[in-house]
Every structure is written in C-alpha cells, then in structure tokens.
Amino acid sequence: MTSHLPGPGFRPRTALAMSQEAAAAVLDGATLDAFREICDLADAPVLDDLSTPRAKSLLAEVDLLVTGWGCPALDEEVLRAAPRLRAVVHTAGSVRGHVTDACWERGIEVSSAAAANALPVAEYTLAMILLAGKRVLERARDFRVARKRDDWLRTPPTTGNYRNTVGILSASLIGRRVVELLRPHDIEVLFHDPYVSDADAAELGVERVELAELFARCDTVSVHTPLLPTTRGLVDRALIDAMPAGAMLINTSRGAVVDQGALTDAVLAGRIRAVLDVTDPEVLPADHPLWECENALITPHLAGSQGNEWHRLADLALAETARWASGSGFLHPVRRERLAFLA
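Residues numbered from 1 in each chain as written. Predicted model: local features only at pLDDT ≥ 70, side-chain atom pairs only at ≥ 80, totals over all residues. Heavy atoms only, no water.

- Under an unreviewed UniProt entry, the protein has the name Hydroxyacid dehydrogenase and belongs to Streptomyces tauricus.
- We quote the UniProt Sequence similarities (unreviewed entry) comment for the protein here in full: "Belongs to the D-isomer specific 2-hydroxyacid dehydrogenase family." (UniProt positions renumbered as here; feature names shortened; annotations may be inferred.)

Structure (structure tokens):
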C-alpha cells in the first residue's frame, strides 16, 4: 500500500462518506471550510454509494475518509478500490455499521465521535433522574387536572432527590459521564458492570454491586448497556419485578436490552415508572398500551446529539483529522479488541 505518511505539512486527500442528510445536518459551511484548511477535501456531493464510478475514482486517491450516519460498509471490495486509505474519522458514535473486519486487517486507524455523543445522552439522563425523583411529570399532570396546588407540606417522603439511590448499568462512556454529573447531588450511586473491578468503581466514586442488587436497591436504574448478543434481554422480568414499588427505569441505550413485555406489565400495573428514549421495536405499534400509560414517558430517540449538538460531533471529527494529519495520532481511537464491549 503506497501512501504519504502523516506529519508536518501533510494534507491528506479526504472524502466524506455518509448520507446526504447526515452531511447536511452535521457539516455546515464553516466546518467544511475548516476541513479544507487541513486536508485536500473532495468536492460535494458526499459519497453515499461507494460503488459508483465517481466514488471509485475518489477512493483510488483518498488517505482519509470522514464518515457519518449512512456510510456504506467499508468491505474488501471497497478497500480494494482505496489502496491509499489509512484512516477513518467517524462523525457519530458506533462504527459497527461500516467499519468491517477488512478495515482492521488492513490496519486502518479509526476514530469515533462517541465521546462527544455521550454528553447529551448523559445530560438527558441526569435531567430525567432529577425529574423522576421530584415526581415532576405526575405532579404536573395532577396540577393540570385539579387546577390548584396540592398541600405541599403533605408531600410523600418518597418525593424528592435527597439521599435517593441511583443505579447505573454499564461503564460505557455515557454511564461514566452520568456518574460524573451526579456527583454534585446528594444521591447515592450504585454501579454494575462485569468488566469493572471494585477498585475501578471506587476510583469512580461509586459502589459496585451485582446486577440483582442494583435493581433491588435503587430508586432509579439507568440503562447504558450496548446491545450485544450477550446483553439482549439482559434486563429481564426477574430484575424488573425486583425493583422497589414506584421505582423508575430509564433506558437510553437500546430497547432490546430490556424485556419489553415484562417492562410493559410492570408499568401498566403501576408498580414502576419508565422513561424510554428507546423501545423494542424502536417505534412501538400505534396501539401499544404504553403510549397511553401515565407511568411511562416515551421520547423519540432524542437523547443523543441533535440540533446544535451536531456541531460538537463535527468539532471532534475536525480535531481528530488535524491530529492524524500532523502525525499525532487520534485522541479518540476505536480499538478492534474493544469492539465486543462497545455499542
């Protein structure tokens, strides 16, 4: 494979590979101009089909691909057309959809904006934890119906966030960020991840517990586990049934990590509450009972980067491109050996 080596003065030949919609959302004119200052960026349109004559012509020259949502798989056939390709900078989180085994076998370096995308998910989670503790949604609903204040001096002792116990399931980037955001609050944080030791948990400032204990002890459990073959249905009926009465389950990871039927039964029975940014299936059928259930809040997979938060993804990708071109290497590399633990 022939290619220039990154280093001072190196301007990598670069192409954008993603859907047209993703490019329009994430990469504004100012960002594209910034990319042009550090690399030889191919002209629009972006590559959303890597089998066309134009795509193959560009691939023959590229050192670096900046990818995004909708990027086609970078398989053996694509890589044969891209003999100089040495690095991929992804403007979103997971690279599973397009970085194939062929990329790793080629030794292509990969970076992801997963760290940037973790921030808004963690912020959403923190907001929902605090709102859940204060029973904001239920009390707002009751206020709307009664049109008068309740007797605030008779507020049940289960209302509020002081000394609540919150459980974080998984030491993902997002899970760790939620732990950080919870530190200023008077909340006890429990943590479960089979790959995190007691010493690592202590360094995070949390108590590591087994999975069953996490669900049995916590007022709120927040799920941040990636969907892998080993985690599908991880939050099963036994765990859900073990949650204290009135507890809250928050899921911002993937719907299939949770047994949707068991969760639905528990929420409809009024045993627990749920905040679901993801479900299984991703959009529940129109007649699904959770849509009308007062104990469930369903949001349209909005916790991740949206709107002005896309600029954070672009900024990270731009910084990674500049580092790689200068020979400094990626600050946010994706390692093949870590894929089994990543979303």
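1. Considering unusual backbone geometry
Move 1: For the bond from Ala44 to Pro45, the omega torsion is 5°, close enough to zero to count as cis.
Move 2: With respect to the helices, strands and loops of the structure, Pro45 is situated in the loop between strand S2 (40-41) and helix H3 (53-59).
Move 3: Pro281 follows Asp280 through a cis peptide bond whose omega is 5°.
Move 4: As for its position among the elements, Pro281 is in the loop between strand S11 (273-276) and strand S12 (296-298).
Move 5: One non-glycine residue, Arg147, adopts positive backbone phi at about 60°.
Move 6: Within the secondary structure, Arg147 is located in the loop between helix H7 (136-146) and strand S6 (164-169).
Move 7: You can call Arg147 exposed: its relative accessible area is 69%.
Move 8: The phi torsion at Arg163 lies on the positive side, around 65°, for a residue other than glycine.
Move 9: On the secondary structure map, Arg163 appears in the loop between H7 and S6.
Move 10: By relative accessible area, Arg163 is classed as exposed at 63%. (Helix = DSSP H or I, 4+ residues; strand = E, 2+ residues; numbered from the N terminus. Buried < 20%, exposed > 50% of the residue type's maximum accessible area, 1.4 Å probe, protein only.)

2. Details of the nonpolar core
Move 1: One finds Leu214, Phe215, Val235, Ile240, Leu249, Leu263 and Val267 to be the most contacted residues of the largest nonpolar core, which totals 28 residues.
Move 2: At the level of secondary structure, the elements contributing two or more residues to this core comprise helix H10 (211-217), strand S9 (220-223), helix H11 (237-242), helix H12 (260-268) and S11.
Move 3: Of all the elements, H12 adds the most residues to this core, at four residues.
Move 4: Look past the residues within four positions of Phe215 in its chain and what remains in contact with it is Leu169, Val221, Val235, Leu239, Ala242, Met243, Pro244 and Leu249.
Move 5: Residues Ala15, Leu59, Val99 and Ala102 belong to the second largest nonpolar core, which totals 26 residues. (Core = buried A, V, L, I, M, F, W, Y, C linked by side-chain atoms within 4.5 Å. Contact = heavy atoms within 4.5 Å.)

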